[in-house]
Amino acid sequence: VSEIYIGIDLGGTNIKIGCFDEKLNLLCKTSVITEAQMEPKVVVERINAGTRKLLADNNIPMESVKAVGIGVPGPSNVENGMIIAAPNLPLFKNVPIRDMLSEKFDKPVVFENDANVACWGEHAVGAGKGIDNMVFFTLGTGIGGGIITEGKLLHGFNNNATELGHLIVRPGGRVCGCGQKGCAEAHASASSTAARAQEAIEAGAESSLKKVLEDNKQITCKDVFEHAKSGDKFATEIVEETAKCLAILCIDLLHTTGPERIVFAGGMIAAGEQLLGRVKHYYEEYLWTLKAEKTEICFATLGEDAGIIGAAALALYETGNK
Ligand SMILES: [Zn+2]
């Protein structure tokens, strides 16, 4: 093997580490545990030890590693490679993780937030392969996103671009964790889809989900989609509202960045065509009629490994043959 790229996905409960060749084939991977009260330097040492063990176990010499990429959760500064704060890692405040890792490995380290990393992974080898203008959404507890425009990740002033979950889709709507009202994240994320259903049922709405709430004390997004599929009218309305909000996001992004493809990733895409079909339905319904657009909306293809693939792909892009 000539050139090796390491991709690291720093999560709140574990760190995934993957080892890739220059074609971005996954050669081997591992994961190490993080604990909430861990000091940054302990986490960095775990990454270092985990990576070296992975390489040694697979007979890959450290000398063949050309660069390392890492994706981090939460607010970060791409310019200086700092994690400003990290969900589930409360001791991570203004941590210069890029330089800390670069020192441990004695290799170039490329750093990005996790949504941008996953976006880049899909662009490099997934659902956005060969697509130089794409929009990427992750639909999970929150809504994250990334935009690739003319082949490059969009960062914006102060790295503030692509907070796509905080685009307002329902003015005056539900209060978001960010303080705004009516954010996409507050209406169309997995957790808000579940919360909208649960609140309405607690307020007396009739639905087969009522029994789920009684039995489990809570309703999940998966429950909502399942009951909609079985024909429950109330659950169907909740899903329709999620689809409408996502369609609005797609149209707003279409008119802003002109993507050739819009890619959805994250836990909610498990709903499959039940979600995608409805998003496309409202997208067609709401979309302007001025121009015949050929923008395609589809699901991500990289799944669980998107974080490590994207991180390695960024490392390759930034340090390899551009
Ligand atoms: Zn918000």
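Residues numbered from 1 in each chain as written. Predicted model: local features only at pLDDT ≥ 70, side-chain atom pairs only at ≥ 80, totals over all residues. Heavy atoms only, no water.

(A) Up close: the sheet that holds strand β6 (residues 82–85). Overall, antiparallel pairing links the three strands, which are arranged β5-β6-β7 in an open sheet. With one partner strand each, in any of the chains shown, β5 (76–77) and β7 (93–95) form the two edges of the open sheet. Sheet analysis places β5 next to β6, joined by two bridges and oriented antiparallel. Looking at β6, one finds that Ser76 is bridged to Ile83. (Pairing = 2+ DSSP bridges. Helix = DSSP H or I, 4+ residues; strand = E, 2+ residues; numbered from the N terminus.)

(B) Structural detail: the pairing of strand β3 (residues 26–33). The pairing of strand β2 (residues 14–21) with β3 spans seven bridges and is classified as antiparallel. Considered in β3, the bridge of Lys16 is made with Ser31. In this structure, the hairpin formed by β2 and β3 is closed by a connection of four residues, where Leu24 is found at a positive phi of approximately 65°.

(C) Structural context of the pattern of salt bridges. The final tally for this structure, using the stated rule, is 13 salt bridges. Lys29 is the salt-bridge partner of Asp305, the closest N and O atoms lying 3.0 Å from each other. Placement of Asp305 in the loop between β13 (296–299) and α10 (306–319) and of Lys29 in strand β3 is noted, with a sequence separation of 276 residues between them. Residue Lys29 is classed as partly exposed on the basis of its relative accessible area, which comes to 47%. (Salt bridge = Lys/Arg side-chain N within 4 Å of Asp/Glu carboxyl O. Buried < 20%, exposed > 50% of the residue type's maximum accessible area, 1.4 Å probe, protein only.)

(D) Quick peek at the coordination of the zinc ion. Protein coordination of the zinc ion is provided by His166 (ND1), Cys176 (SG), Cys178 (SG) and Cys183 (SG), with donor distances spanning 2.0 to 2.3 Å. Taken in chain order, the donor set of the zinc ion reads H-x9-C-x1-C-x4-C. Neither Cys176 nor Cys183 differs from the other in exposure class; each is buried. (Donors = N, O, S within 2.8 Å, 3.2 Å for Na, K, Ca; no water.)

(E) Region of the structure containing helix α3 (residues 114–125). For α3, spanning 12 residues, the distance from its first C-alpha to its last is 16 Å, which sits close to the expected 16 Å at 1.5 Å a residue. Most of α3 sits inside the fold, with nine of its 12 residues counted as buried. Listed as buried for α3 are Ala115, Asn116, Val117, Ala118, Cys119, Trp120, Gly121, Glu122 and His123. Regarding α3, its N-cap is Asn113, as a side-chain oxygen of that residue lies 3.0 Å from the backbone nitrogen of Ala115 further along. (Expected span 1.5 Å × (residues − 1). Polar contact = N/O pair within 3.5 Å; in protein donor to acceptor, adjacent residues only side chain to side chain.)

(F) The state of the cysteines, seen in detail. Going through the model one piece at a time under the given rule, you end up with zero disulfides. Free of any disulfide, Cys119 has its nearest cysteine sulfur in Cys298, 12 Å distant. Residue Cys119 is classed as buried on the basis of its relative accessible area of 0%. (Disulfide = S-S within 2.5 Å.)

(G) Molecular detail of the side chain of Lys107. Among the secondary structure elements, Lys107 is positioned in the loop between α2 (97–105) and β8 (109–113). Glu63 provides the closest opposite charge to the buried, unpaired Lys107, separated from it by 6.4 Å. At 3.1 Å, the side chain of Lys107 and the backbone oxygen of Met62 are in polar contact. (Lys, Arg positive; Asp, Glu negative; His and termini not counted.)

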